[in-house]
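Examination of the molecular architecture
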Amino acid sequence: MALPACAARALGPPLQLERGAPARTTCPRRHSRVEAELAASRPGSVAASVRAGPPRGVSRGFNSQPLLDEPLKASSSLAGAARAPLFALLLRGRRRRMHNLRRRWDLGSLCRALLTRGLAALGHSLKHVLGAIVSKIFGPLASVGNMDEKSNKLLLALVMLFLFAVIVLQYVCPGTECQLLRLQAFSSPLPDPYRSEDESSARFVPRYNFSRGDLLRKVDFDIKGDDLIVFLHIQKTGGTTFGRHLVRNIQLEQPCECRVGQKKCTCHRPGKRETWLFSRFSTGWSCGLHADWTELTSCVPAVVDGKRDARLRPSRNFHYITILRDPVSRYLSEWRHVQRGATWKASLHVCDGRPPTSEELPSCYTGDDWSGCPLKEFMDCPYNLANNRQVRMLSDLTLVGCYNLSVMPEKQRNKVLLESAKSNLKHMAFFGLTEFQRKTQYLFEKTFNMNFISPFTQYNTTRASSVEINEELQKRIEGLNFLDMELYSYAKDLFLQRYQFMRQKEHQEARRKRQEQRKFLKGRFLQTHYQTQSQGQNPNPSQNPSQNPNLNASQSGTQNLFQNLIQNLTQSSGQNPSPKENQESQKQNSGQEQSDGNTSNGTHDYIGSVEKWR
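Presented here is an overview of the structure given in this document. Keep in mind it's a predicted model, so treat the numbers as computed, not measured.

1. Description of the packing of helix 15 (residues 437–448) against helix 17 (residues 482–535)
Interaxial distance between helix 15 and helix 17 falls to 10 Å at its minimum, and their mutual angle equals 60°. On the basis of their axis angle, the class for helix 15 and helix 17 is oblique. As for the relative orientation of helix 15 and helix 17, their crossing is left-handed in sense. Of the residues in helix 17, those touching helix 15 at Lys 439, Thr 440, Tyr 442, Leu 443 and Lys 446 are Phe 495, Leu 496, Arg 498, Tyr 499, Met 502, Arg 503 and Glu 506.

2. Topic: the state of the cysteines
One pass over the full model with this rule turns up five disulfides. Cys 287 shares a disulfide with Cys 299; S-S distance 2.0 Å. Judged by the sign of its S-S torsion, about -90°, the cystine formed by Cys 287 and Cys 299 is left-handed. Separated by twelve residues along the polypeptide, Cys 287 in the loop between strand 4 (277–278) and helix 10 (293–304) and Cys 299 in helix 10 bring together distant segments of the chain. Judged by its relative accessible area of 6%, Cys 287 falls in the buried class. Judged by its relative accessible area of 18%, Cys 299 falls in the buried class. Here Cys 351 is linked by a disulfide to Cys 402, with a sulfur-sulfur distance of 1.9 Å. Taking the sign of the S-S torsion, -75° for the link of Cys 351 and Cys 402, the bridge is left-handed. Of this pair, Cys 351 sits in the loop between helix 11 (327–339) and helix 12 (375–380) while Cys 402 is found in the loop between helix 13 (389–394) and helix 14 (410–427), placing the two residues 51 residues apart along the sequence. The exposure classification of Cys 351 matches that of Cys 402, with both residues buried. Just so you know, Cys 373 is unpaired, no disulfide at all, and the nearest cysteine sulfur is the one on Cys 364, 9.3 Å from it. A residue is classified by how much of its surface remains accessible, and Cys 373, at 2% relative accessible area, is buried.

Basis of the calculations
- Residues numbered from 1 in each chain as written.
- Predicted model: local features only at pLDDT ≥ 70, side-chain atom pairs only at ≥ 80, totals over all residues.
- Heavy atoms only, no water.
- Axes fitted to C-alpha atoms, helices over the stretch in contact; angles between N-to-C directions.
- Helix = DSSP H or I, 4+ residues; strand = E, 2+ residues; numbered from the N terminus.
- Parallel < 35°, antiparallel > 145°, perpendicular 65-115°, else oblique.
- Left-handed = near helix turned anticlockwise from the far one by under 90°.
- Contact = heavy atoms within 4.5 Å.
- Disulfide = S-S within 2.5 Å.
- Buried < 20%, exposed > 50% of the residue type's maximum accessible area, 1.4 Å probe, protein only.

In structure tokens, the structure reads:
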């Protein structure tokens with residue numbers, strides 16, 4: 001019986017008797033130990049392989065005593081034993097246990113191989129899926145085929161970007177509930193231009209009666225002359241954004257020159273080295289940090305024409321503009337700004353030629369700044385200039401003795417300040433509201449006849465809107481700013497009335513232009529008709545000669561005139577009607593009279609005029 005190739009290789013070459021050894025003819029059981037020793041001395045033999053233990057990866061299980069101690073079961077000769085199968089040398093029980101060990105080893109290796117290959121395939125699939133997603137999002141920044149090299153760098157960049165976004169988000173929205181993350185900002189439809197920006201109805205019911213002169217604000221601003229726009233910047237009203245619009249977003253013959261890294265821009269008049277704008281971003285804080293009405297009216301003329309002789313100074317027109325904001329939102333925004341370390345120590349508060357003394361204007365804090373102050377401490381300070389700041393900065397402080405509170409009673413002082421602020425605001429060339437950015441842009445363009453390049457953006461989420469206050473704090477803040485509350489109500493009413501007045505005036509002018517154009521075209525039609533009637537027209541030879549020649553000539557002239565009018569009217573649309581179509585339309589419209597005011601189409605007016613003439 002021939003052995004298989006794998007068994008022959010495992011058994012090794014057949015055993016050979018040593019020279020001089022006696023031939024063994026007795027039963028192999030008597031010499032089993034000697035034969036085992038001889039077999040173990042030869043490398044690659046069955047005994048050596050059995051002594052080596054089970055295959056790699058299979059631990060010695062139960063009853064793992066070496067199989068060499070057991071008697072070998074062989075045939076009558078060593079050559080016959082060499083040709084026997086491998087398992088035939090073992091006992092039947094040992095053969096079964098060896099078979100079970102090899103079977104377990106095959107199942108374990110198979111499971112390990114399947115698990116390894118499955119994990120490798122899963123990782124490969126995830127790598128390709130991740131690469132496809134990244135390639136779709138970032139385009140050429142990542143490729144599927146080269147993920148092994150770029151995946152680590154890309155993931156690191158994504159993690160760094162996420163951390164940076166978290167830091168920025170914490171700075172922009174420090175509150176517990178960030179309104180930037182609300183889904184309403186993504187699901188809100190496009191705003192209607194005829195609806196106000198605060199989501200209230202466009203139908204506005206006025207509370208104050210203003211004259212036509214108060215509502216019509218149209219300034220003849222001569223940028224090439226000597227006129228000057230003066231911007232009164234009140235803290236935390238969005239004045240910084242509006243000031244940037246003035247120097248960077250206006251269509252001018254000679255735009256302002258703004259250099260990178262510098263806040264101030266050079267805004268010169270066309271052909272002159274003289275500024276037309278007095279603001280933070282053009283001339284800087286020339287009259288002090290956030291100068292008020294009292295400071296600007298006395299400081300600006302001296303700063304602009306200070307180096308000239310009084311007799312040589314031109315007669316300038318100073319057009320004052322400003323921006324107002326809801327008092328509660330402005331107050332909370334200023335408190336947050338003071339928390340970050342703002343002090344406005346550079347403000348001069350000059351009134352009647354001198355700044356206030358420390359007794360007239362005490363400080364609310366003792367250190368270098370008031371950073372980190374809570375809202376209650378901010379509201380408890382009786383000398384806090386944030387209270388009624390808009391009224392104080394828009395009024396004439398010389399009427400109440402500047403900052404000396406002992407000049408008149410407090411009630412009378414508040415009344416004088418409020419009336420002065422209302423009067424100055426009404427007579428300003430322009431003022432806008434932070435809550436109505438588009439309307440502010442529209443009124444500025446109509447007032448100064450200057451157009452902005454890009455439209456204003458309405459930001460409804462600010463640092464003040466992220467502060468959560470209850471109804472009690474809301475009422476207390478309104479009580480501390482009661483003058484600002486009344487001034488803002490007055491300003492909002494005047495602002496919306498001016499907006500509606502300007503819109504109605506614009507619609508009336510457009511309607512008047514259309515009417516003038518119709519009258520001009522009608523007069524042109526009549527002039528052409530009379531010229532044609534005076535010159536006369538030859539009769540059409542295709543008509544019946546038995547008809548009246550005068551009537552034929554009149555109808556022919558009317559038809560030719562009607563055809564010319566239709567061609568002139570439809571020339572812009574590229575349509576040239578034929579005489580046959582004109583005759584058919586003339587038959588359909590015969591006997592009908594059309595009113596001049598019933599339609600806005602010039603073609604119908606001309607047809608009605610032709611029918612009346614016939």
